[in-house]
Amino acid sequence: MNLATPPAAHDYAAELADVKARVHVAEAMAGRAGSGVQILVATKAWAADAAVGAVRAGARLVGESRMQELADKGESLRDAGAVVHVIGQLQRNKAAIAVEYAACVQTVDSLKLAERLSRLCVEAQRDLQVMIQVNVSGEESKAGVAPEDALALAAQVQALPALEVVGFMTIGLNSPVEADVRAGYARLREIRDQALISSERGAIDLSSAWHLSMGMSGDLEWAIAEGATMVRVGTAVMGDRP
Ligand SMILES: *Cc1c(COP(=O)(O)O)cnc(C)c1O
């Protein structure tokens, strides 16, 4: 693996402080001041030293996209006290790497993948948080279950041993048009709200599925306006990817 290290002068703490300020302003603008939107730092393409640099600067939540990179960086991230989420497409034959190092897999979009994760977790005698990845934009290139199938999949996954569905994740539409991007995020929120309401009625058991992981460096304000509980930020903290 040839992963990059940012210039020595890169000030993770300053970049992280800027992102926190953006999040706080966005929360206030959305009437959600103090709602505690979490910042997950996406460290794909960066070497372990760089990822650990972000953790030492206060980024406890780290998102890894590629399992080969997670295998390389996992020990360092664990030693640094990071809580690692898988945010990239997870192939079933790489699921063991996620079970070894991740606290949460945000990219569950099939029952087969969830069943594999569940089996591995039972063997390892551990629990794993998962989110259901939803393709809200309908773009063919994007991973994720179709919006109309998300709730049923979430309920099936929640019923598996050792897995807990903690919410829903999406990669937003890549567009400069605010209304179009926000429509997708609103769709994810509606799915989450349905999960919680159905759980209150006792129809299904998804009361733990309140997270909305949506929004990145370029559009986190729009995601927070639509209810994001966690934003995934790469370049705004780490710098431009090599
Ligand atoms: C890389 C990545 C991000 C962060 O993207 P930036 O634009 O660098 O903030 C967020 N989510 C996922 C799934 C990613 O792969």
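Right, let's walk through the structure included here. (Residues numbered from 1 in each chain as written. Predicted model: local features only at pLDDT ≥ 70, side-chain atom pairs only at ≥ 80, totals over all residues. Heavy atoms only, no water.)

It is worth spelling out the site of the ligand at this point. Among the 13 residues in the neighbourhood of the ligand, the closest are listed as Lys 44, Ser 217, Gly 234, Thr 235 and Arg 241. Between an oxygen atom of the ligand and a side-chain N or O atom of Ser 65, the distance comes to 3.5 Å. Within the contact set of the ligand, an oxygen atom lies 2.9 Å away from a side-chain nitrogen or oxygen of Arg 241. (Near = heavy atom within 4 Å. Polar contact = N/O pair within 3.5 Å; in protein donor to acceptor, adjacent residues only side chain to side chain.)

Quick look at the pairing of strand E5 (residues 128–133) now. Across the six residues that make up E5, a large majority, five, are buried. As paired elements, strand E4 (residues 104–108) and E5 share three bridges and run parallel to each other. Looking at the pairing, Val 108 lines up with Ile 132 of E5. With helix H5 (residues 111–124) bridging E4 and the parallel E5, this β-α-β connection has right-handed handedness. Two strands pair when backbone bridges link them, and E5 and strand E6 (residues 163–169) are joined in this way by six bridges, in the parallel orientation. Paired with Leu 128 across the two strands is Leu 163, which belongs to E6. In the classification by handedness, the crossover that spans E5, the intervening helix H6 (residues 147–158) and the parallel E6 is right-handed. (Buried < 20%, exposed > 50% of the residue type's maximum accessible area, 1.4 Å probe, protein only. Helix = DSSP H or I, 4+ residues; strand = E, 2+ residues; numbered from the N terminus. Pairing = 2+ DSSP bridges. Right-handed = clockwise from strand over helix to strand, strands pointing away.)

Now for the nonpolar core. Among the nonpolar cores identified, the biggest contains 69 residues, and Leu 117, Ile 132 and Phe 168 are the most heavily contacted of them. With residues near it in sequence (within four places) discarded, Leu 117 still touches Leu 90, Ala 95, Val 99, Val 105, Val 108, Leu 128 and Leu 163. (Core = buried A, V, L, I, M, F, W, Y, C linked by side-chain atoms within 4.5 Å. Contact = heavy atoms within 4.5 Å.)

What follows concerns the pairing of strand E2 (residues 61–64). A two-sided burial pattern is seen for E2, the buried positions comprising Leu 61 and Gly 63 on one face and Val 62 and Glu 64 on the other. Here strand E1 (residues 38–42) pairs with E2 via three bridges, running parallel. Counted as the bridge partner of Val 41 is Val 62 from E2. Pairing of E2 with strand E3 (residues 83–86) involves four bridges; the strand directions are parallel. Within E3, the residue paired with Gly 63 across the bridge is His 85.

We now examine the environment of Glu 226. Structurally, the position occupied by Glu 226 is in the loop between helix H8 (220–225) and strand E8 (230–233). On a C-alpha basis, the gap between Glu 226 and Tyr 185 in space is 6.1 Å, while along the polypeptide they are 41 residues apart. Discounting residues that sit within four places of it in the chain, Glu 226 has contacts with Arg 182, Tyr 185, Ala 186, Arg 189, Leu 212 and Met 214. A distance of 2.5 Å separates polar atoms of two side chains, one belonging to Glu 226 and the other to Arg 189.

Any functional reading would require information that these geometric values do not contain.
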